[in-house]
Amino acid sequence: MDSVGNDEAVIATNDDASSCKRCAVAMGYWRDRYISYFVRSTDRKAPEINRGYFARCVAIKLLVDKFVEVTHGNCQIVNIGAGFDTLYWRLYDEGKNVKGFVELDFPGVTSRKCLYIQRTKPLLQAISEEDYDVKLNRNNLHAHTYKLTGVDLRNITEVEAKIKESDLDYSLPTLFLAECVLVYMNTSKSSQLLQWIAEKFKSAFFINYEMVNLGDRFGEVMVSNLRSRGCDLAGAQACQSTETQRQRFLDVGWAGADSYDMINIWARLPPEEIARVMQIELLDEQELLQQLFTHYAITTAWTDHRWSDIQL
Ligand SMILES: C[S@@+](CC[C@H](N)C(=O)[O-])C[C@H]1O[C@@H](n2cnc3c(N)ncnc32)[C@H](O)[C@@H]1O
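Conventions used here
Residues numbered from 1 in each chain as written. Predicted model: local features only at pLDDT ≥ 70, side-chain atom pairs only at ≥ 80, totals over all residues. Heavy atoms only, no water. Near = heavy atom within 4 Å. Polar contact = N/O pair within 3.5 Å; in protein donor to acceptor, adjacent residues only side chain to side chain. Areas by Shrake-Rupley, 256 points an atom, 1.4 Å probe, with all protein chains shown as cover. Helix = DSSP H or I, 4+ residues; strand = E, 2+ residues; numbered from the N terminus. Buried < 20%, exposed > 50% of the residue type's maximum accessible area, 1.4 Å probe, protein only. Pairing = 2+ DSSP bridges. Contact = heavy atoms within 4.5 Å. Axes fitted to C-alpha atoms, helices over the stretch in contact; angles between N-to-C directions. Phe/Tyr/Trp six-rings, centres within 6.5 Å; stacked < 30°, edge-to-face > 60°. Lys NZ or Arg CZ within 6 Å of the ring centre and 35° of its normal. Arc of directions from axis to C-beta.

A. Region of the structure containing the site of the ligand. Neighbouring the ligand are 20 residues, the closest being K21, R56, G81, D105 and L153. A distance of 2.8 Å separates an oxygen atom of the ligand from a polar atom in the side chain of R56. Interatomic distance of 2.6 Å between a side-chain N/O atom of D105 and an oxygen atom of the ligand. In isolation the ligand exposes 590 Å². Once the protein is present, 98% of that is buried. At six residues, the largest contribution of residues to the shell around the ligand is made by helix 1 (residues 3–26).

Given below as structure tokens:
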């Protein structure tokens, strides 16, 4: 498969993820009043997919909120491979202000996101601040706090230049979020990116949601399903276990890391939320959900020991 063809398939994973989020939101798994501006309609997904997305989104929400709370908002957020994620708008609605918010993705994704933001009043209103013009071109959008930037994350020189243009302060506590992103990059490239972050940002916290146990039978099927859709998991090597996920950070200069599979994460979610979502729809395929949960994990890593306590 040529690399351009593979990049197109990787870009298409954003449409999948956004459509699954849209479906789960429409069914009442969690609230997101912005996702429907990016995804107009969606077909109904299987209950185990909805529940999987619920676990992922709620766990990430809780971790992000903890970081914003402990830093009293005196922090920045960089969403790597952000796709059509709506985190900026949720934080805005909840009055959780941060000093800078940067989203990075392929230009093929950011150009579409720019367009949606430009033509949707509630999206545009939330990024507009007094006395500051929103600067917009085809792939990039620069507001005062919010920046959306088209970049190939495998090109570290380009990433560095784009981060510089985004006016981030390297000395501020900074949360990096990557939801199913690094796995699409060769591990030498993702290591380079993680190392660069660790060297530049002295007070960084990373939340990485992605696959684990890709070497077992179920994992192999996941890999071959994606391959049959033209999408190669170039970074599968780092997704062999929670230990390889943890180690990938420690190997490139992060001070500490933890990694838990989604079975473990599910057990830590608020019981009242679990009870609520269990009522939404019947789940026949318990075993399939368990399999999915053992094949995804949340890894957190920090360059600053103050953030080692941020856990579920
Ligand atoms: C599975 S989607 C997830 C999107 C979003 N994080 C979410 O959870 O809704 C993966 C995203 O990573 C982006 N991505 C993967 N490799 C990338 C690269 N080398 N440069 C820029 N973006 C990349 C894709 O374009 C896509 O938007």
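Next, the rest of the story.
B. Local environment of unusual backbone geometry. Notably, H72 is not glycine yet its phi reads approximately 50 degrees, a positive angle. Topologically, H72 is positioned in the loop between helix 3 (47–70) and strand 1 (76–80). Judged by its relative accessible area of 73%, H72 falls in the exposed class. Positive phi outside glycine occurs at D167, with the angle close to 60 degrees. With respect to the element layout, D167 can be found in the loop between helix 7 (156–165) and strand 6 (174–179).

C. Molecular detail of the sheet that holds strand 2 (residues 100–105). One open sheet holds the nine strands; their spatial order is 3-4-5-2-1-6-7-9-8, and the pairing between them is mixed. One side of each edge strand has no neighbouring strand; the edge strands of this open sheet are strand 3 (135–136) and strand 8 (256–261). Relative to strand 5 (residues 146–150), strand 2 runs parallel, the two sharing five bridges. In the sheet register, F101 faces strand 5, and the bridge partner there is Y146. The sheet strands contacting helix 7 are strand 1, strand 2, strand 4 (141–142) and strand 5, and the helix crosses strand 5 at an angle near 155 degrees.

D. Quick peek at the packing of aromatic side chains. If you walk through the whole model with that rule in mind, you get 24 aromatic pairs. With 5.8 Å between their ring centres and 85 degrees between their planes, F206 and W254 make a pair best called edge-to-face. With F206 in strand 7 (residues 204–211) and W254 in the loop between helix 10 (242–250) and strand 8, this pair connects stretches of sequence that are 48 residues apart. When its relative accessible area of 0% is taken as the criterion, F206 is described as buried. Owing to a relative accessible area of 4%, W254 belongs among the buried residues under this scheme. Cluster of aromatic residues (ring-pair linked, three or more members): Y34, Y37, F38, F84, Y88, W89, F101, Y116 and Y146. The ring of F38 carries the charged tip of K113 above its face, separated from the ring centre by 5.5 Å. Directly above the ring of Y260 sits R268, whose terminal nitrogen or CZ lies 4.1 Å from the centroid.

E. Up close: helix 7. Within the sequence span of helix 7, burial applies to I156, V159, K162 and I163. Each buried residue of helix 7 lies within a common arc of 120 degrees when the element is viewed along its axis, so the set occupies one face. Helix 7 presents T157 and K164 as exposed residues on the side facing more than 90 degrees away from its buried surface. Those residues of helix 7 that are buried lie in contact with strand 1, strand 2, strand 5 and helix 8 (187–200). Trailing helix 7 by a residue or two, D167 shows a phi angle of about 60 degrees, which is positive.

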